Amino acid sequence: MRAERVFAYGAAAGLLGDLLLGDPRRGHPVAAFGRAAGAVERVLWRDHRGRGALHTAVCAGGAAALGTAAARAVRRSPAASVALTGAATWAVVGGTSLAREALAIGRALDAGDVEAARARLPHLCGRDPQALDADGIARAVVESVAENTSDAVVGALVWGAVGGVPGLLGFRAVNTLDAMVGHKSARYRRYGWASARLDDLAGWPGARLTAVLATVAGGDPRGAVRAWRADAVRHPSPNAGPVEASFAGALGVRLGGTLSYGGRVEHRPVLNGAAGRAVRAASGDIDRAVRLSRRVGWLALGVCAGARLLARGALRKGRTS
C-alpha cells in the first residue's frame, strides 16, 4: 500500500478513535513525553539559549526518531502501517478532549455556576480564572477552542501528511515543549527561546489552513476573511492571530482585549471589533465554536489526505514526462 493511502486510512482511523475515545485518563503518551522532557530539562537547564536549543533538539528529535524507527519496523505490512499511523494520530490529536472541556465550562455557565466554570478553566487554558466574569470565561473558552483547533488537530494532520508518523510525533513534541518552556517567564525567557521559535515555524502551515477552513466552514465567510485580513497581524502570536481572527469573523464575535496570565496583565488588540459583538456566556457561543472546530478538523483531514494524493500523482507524472 502506498504511503499516501496509509496516511489517509490511518489518520481517519485516528480521528475516529479520538472522537469515540478521547484522551485516556492515565498513561497518555503526550504526558509520558512531558515527563521525559522534564527529566531532560533537569539535567540541561541553564539560563542560556544554547542549552535550551539542545533541550529542544534532544526532545523533539528523539520523538521524531522514535516515529521513524516505528514506521520502518512495520513498513512491510500495510495493515500494521495503517494501525501505527492511526495510533499515532489518536495519540497526538486532542479535538475531543478540547470539545469536552469547553462544553463542560459552557454547561456550568448555562447553569449560572460561575465558580464551577472558573475551577474548570485551567484545564483548558492558562488564564487567571478569578479575574474573569461569566462573559470573560466564555470569551477565553472560544479563544482557546480556536487556537487549539490549530495546535491540537490541524497542525498535527498537516505534519502527518508531510512526514507520516515521524511528522505527527515531531509536531506534537514541538508543541508540547512550547507549552512547557516556551513562555516568557524569568526561568524560560532564554532557555525556552528555541522551543518557542520552532513552535512558531511548525505551527505556521497548520494555522493558515485552520484559518482558511474556518472561513469555509463558518457561518460568515466574508466576515471571517475581513477579520483575518484586518486584524490577524495585530495579534502578538504569528499563528494564533489568523486562527482567532478567522474564528471571530466566522462566529460574528469579538475576541482579544485584556487578558491575565499568572498575575501578568496583557492588553491585546480586539479581533473583529468593527463587526462582531461581545462573546456572551448565555448566547451559545461556546457551543458554536466547538461545532466549528469539529468541522474544521474533519475538513483538514480531507485536505491533507487529498493534498498528499495529489502530490504523489504530480510526482509520478513528472517522472514519466
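Residues numbered from 1 in each chain as written. Predicted model: local features only at pLDDT ≥ 70, side-chain atom pairs only at ≥ 80, totals over all residues. Heavy atoms only, no water.

As annotated in an unreviewed UniProt entry, the protein chain carries the name Cobalamin biosynthesis protein CobD and is attributed to Streptomyces pactum. Reading the Pathway (unreviewed entry) entry of the UniProt record for the protein chain gives the comment "Cofactor biosynthesis; adenosylcobalamin biosynthesis." (UniProt positions renumbered as here; feature names shortened; annotations may be inferred.)

Further remarks concern the overall build of the protein chain. For the protein chain, the count of helices and strands is eleven helices and three strands. The order of helices and strands in the protein chain, counted from the N terminus, is α-α-α-α-α-α-α-α-α-α-β-β-β-α. Computed over the C-alpha atoms, the radius of gyration of the protein chain is 20 Å, within 12% of the 20 Å expected from 2.2 N^0.38 for a compact globule of 321 residues. Taking the principal axes of its C-alpha atoms as reference, the protein chain extends roughly 55 × 45 × 35 Å. Per-residue burial over the protein chain gives 49% buried out of 321 residues. At a minimum sequence separation of 6, the contacts of the protein chain that also span at least 24 residues come to 71%. Working note: accessible area of the protein chain is about 15100 Å², and carbon and sulfur atoms make up 59% of it. Charged side chains of the protein chain number 43 positive and 24 negative; the gap between the two group centres comes to 10 Å. (Helix = DSSP H or I, 4+ residues; strand = E, 2+ residues; numbered from the N terminus. Rg over C-alpha atoms; globule rule 2.2 N^0.38 Å. Buried < 20%, exposed > 50% of the residue type's maximum accessible area, 1.4 Å probe, protein only. Contact = heavy atoms within 4.5 Å. Areas by Shrake-Rupley, 256 points an atom, 1.4 Å probe, with all protein chains shown as cover. Lys, Arg positive; Asp, Glu negative; His and termini not counted. Charge placed at Lys NZ, Arg CZ, Asp CG, Glu CD.)

Bridge analysis of strand β1 (residues 253-261) against strand β3 (residues 277-278) gives two bridges, and the strand direction is parallel. Bridge assignment links R254 to a residue of β3, and that residue is A278. Pairing geometry for β1 and strand β2 (residues 264-271), over six bridges, is antiparallel. The residue of β2 that forms the bridge with S260 is V265. (Pairing = 2+ DSSP bridges.)

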